[in-house]
Amino acid sequence: MKLDWTRGDKNKADKEATKQLLVSAKPALDRLSNLCYNKRSAYDKMKYAKPDYNEPAWALVQSDLNGYSRALTEIIELISSIEE
């Protein structure tokens, strides 16, 4: 499990409680992970589409797509790090 999940827990009991909470919520989190994966796949298709270089803000649009994809990837990795 990534340490981000228990960052801020004050003692071992708090960390164990967080771990139990995450394990019990794993089916819902797996579903969220699947939703994020599907959204990332859709945005990746947009990201790799031929850019419209005639639009003045194309670089900003591409940057936004990259950041959104990176955030979804981080969520997927956090969820997949939970051991059952």
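Structure shown above.
Residues numbered from 1 in each chain as written. Predicted model: local features only at pLDDT ≥ 70, side-chain atom pairs only at ≥ 80, totals over all residues. Heavy atoms only, no water.

Enquirer: For the overall build of the chain, give the residues involved together with the corresponding values.
Expert: Looking only at helices and strands, one finds three helices and zero strands in the chain. Its helices and strands in sequence order give the chain the pattern α-α-α, from N to C terminus. In terms of overall size, the chain is more extended than a compact globule, its C-alpha atoms giving a radius of gyration of 17 Å where 84 residues would be expected to give roughly 12 Å. For the chain, the spread of C-alpha atoms along the three principal axes comes to 55 × 25 × 10 Å. Within the chain, the fraction of its 84 residues that count as buried is 21%. (Helix = DSSP H or I, 4+ residues; strand = E, 2+ residues; numbered from the N terminus. Rg over C-alpha atoms; globule rule 2.2 N^0.38 Å. Buried < 20%, exposed > 50% of the residue type's maximum accessible area, 1.4 Å probe, protein only.)

Enquirer: So what's going on with the pattern of salt bridges? Residues and values would help.
Expert: Applying the stated criterion to the full structure yields three salt bridges. As a salt-bridge pair, K2 and E77 come within 4.0 Å of each other at their nearest N and O atoms. Taken together, the positions of K2 in the segment before α1 (12-24) and E77 in helix α3 (residues 58-80) put the pair 75 residues apart, joining distant regions of the chain. Residue class for K2 comes out partly exposed when judged on its relative accessible area of 34%. The exposure class of E77 is partly exposed, given its relative accessible area of 38%. Linking D4 and R7 is a salt bridge whose minimum nitrogen-to-oxygen distance equals 2.4 Å. (Salt bridge = Lys/Arg side-chain N within 4 Å of Asp/Glu carboxyl O.)

Enquirer: With reference to specific residues and values, describe the side chain of R40.
Expert: With respect to the element layout, R40 can be found in helix α2 (residues 26-47). Put simply, R40 is tucked away with no salt bridge, and the nearest opposite charge, on D44, sits 4.4 Å away. For R40, the residues in contact, after removing those within four places along its chain, are S69, L72, T73 and I76. (Lys, Arg positive; Asp, Glu negative; His and termini not counted. Contact = heavy atoms within 4.5 Å.)

Honestly, it's all geometry; don't read function into it.
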